Amino acid sequence: MRNPGFSDLIFSLPFPLAVCDKEGRVFFFNQKLEMFLNRSRKYLKGKKLSEIVPEEIERWLEKCVENGLEIHNLEIGDFIFSISPFFRGEEIKGTVVVIDRKRQDIVNEHFDVFLRGISHELRNPLSGMKASARLLFQLREFDEELVEVVVSEINRIERFLDRICDSFDFTRLKWCKYNIHKLLNEVLKIFRSVSEEKRIVIERKFDPSLPEVYMDKDRLFQVFLNIIKNSIEAMEDGRYRKLTVETGYAIQPKGFYYVKISDSGKGMGKEELDNLFTPFFTNGKREGTGLGMYISREIILNHGGKIDVQSDRRKGTTVTVYLPMGVEKSNGKNSCS
Ligand code: ADP
Ligand code: MG
């Protein structure tokens, strides 16, 4: 093989990378960085890195240029940086910066919210059990229905605990090749009766030329189930109810396909949108845990993808999931059983 070209090499790196000049201006970067920061090429080019990520980075870039020392695993805000001087011959011309996202430790970072969420979920079934037990005590005789309540509430707690344990490990993905349209149809099947009942029009705009790709199909099933469930819940009160599921090749970022889910629901205000991915943030729906979108995003990020949400109080919400076409997994199966 010939030596790879510099720009091809940078483009292909599996992590976000920026090359800055001595003043800390970004003059070269890869597509992973655009995706990671969710900014366009045009926006990034020539901007000071300190205008894009926390300002504190400036000081470290300067240090690196002055002393020629590498800086590893520097945590600033939600980011982790590794910085090395960019040499041309003997001379330092700037810096090479690799950026990663600090893995959110939601249990510790949001411990209060986490506890409140868990307590909330446990309290409901517990109070049902308590009330039934009280009645049984008063009746002083066996009552089938009351015992059934107790058993079914215990089951609910068990399921909740299973779900909690299950959902918090997103890093171990089971890769196999699968057809995304097959997956989406399986999800939509679950909502068939509810959409018929609520007279929701479902439109599929699938690009049939999308090939099978590597994915963790159970996890992605969970993702699209969460997203579509939210859409359907958001259309409860509407008169015009339409859900569109579209797929296709993404133009930007390159090498990705997208799944776009649009609803004609009630949309989100700024606060809701800002907190969409915050664990346990929910609008107080009866069955809501506020974990759906948080978990979905974690799964998507672990697939090397990203999620974009646009919402309007009048028009509804559009969620776009971008997933890479070309993940090759050495530990993956060629097709999903
Ligand atoms: P949950 O559904 O359990 O409340 P999620 O993380 O799935 O938790 O969603 C968080 C919140 O974001 C929801 O309670 C809702 O307020 C809002 N939301 C999510 N998707 C939509 C949507 N398509 N339309 C309107 N609001 C939405
Ligand atoms: Mg949800």
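Attention here is on the structure that accompanies the text.

About the cut-offs
Residues numbered from 1 in each chain as written. Chains lettered and ligands numbered in written order. Predicted model: local features only at pLDDT ≥ 70, side-chain atom pairs only at ≥ 80, totals over all residues. Helix = DSSP H or I, 4+ residues; strand = E, 2+ residues; numbered from the N terminus. Contact = placed C-beta atoms within 7 Å. Pairing = 2+ DSSP bridges. Axes fitted to C-alpha atoms, helices over the stretch in contact; angles between N-to-C directions. Expected span 1.5 Å × (residues − 1). Buried ≥ 20, exposed ≤ 12 C-beta atoms within 10 Å, placed from the backbone.

Here we take up the overall build of the chain. Summing up its helical and strand segments, the chain has 13 helices and 12 strands in all. In terms of overall dimensions, the chain has C-alpha extents of about 90 × 45 × 45 Å along its principal axes. If you take every contact in the chain between residues at least 6 apart in sequence, the share linking residues at least 24 apart comes to 58%.

This brings us to the sheet that holds strand β5 (residues 91-101). Pairing in this open sheet of 5 strands is antiparallel, and the strands run β2-β1-β5-β4-β3 from one edge to the other. The open sheet terminates on both sides in strands that have one partner only, identified here as β2 (26-29) and β3 (71-76). Strand-to-strand, the axes of this sheet are offset by a mean angle of 30°, without reference to chain direction. As defined by bridge partners, strand β4 (residues 79-88) adjoins β5 across 10 bridges and the pair is classed as antiparallel. Looking across to β5, one finds that Phe86 is bridged to Gly94.

Below, the discussion takes up helix α11 (residues 217-234). For α11, which comprises 18 residues, the first-to-last C-alpha distance of 25 Å matches the rise-based estimate of 26 Å (1.5 Å per residue) to within 8%. Of all the residues in α11, the buried ones are Lys217, Arg219, Leu220, Val223, Phe224, Asn226, Ile227, Ile228, Asn230, Ser231 and Ala234.

A separate point is the sheet that holds strand β10 (residues 256-263). Taken together, 5 strands build an open sheet; the order of strands is β7-β9-β10-β12-β11 and the sheet is mixed. Two strands lie at the open edges of the sheet, namely β7 (201-205) and β11 (306-312), each paired on one side alone. Each neighbouring strand pair of the sheet contributes to a mean axis angle of 10°, computed without reference to strand direction. The sheet contact formed by β10 and strand β12 (residues 316-324) spans 8 bridges and is antiparallel. Across the sheet, residue Tyr257 finds its bridge partner in β12, namely Leu323.

In this chain, Gln252 is followed by Pro253 through a cis amide linkage whose omega measures 0°. Structurally, the position occupied by Pro253 is in the loop between β9 (242-249) and β10. Despite not being glycine, Asn73 has its phi angle at roughly 50°, a positive value. With respect to the element layout, Asn73 can be found in strand β3.

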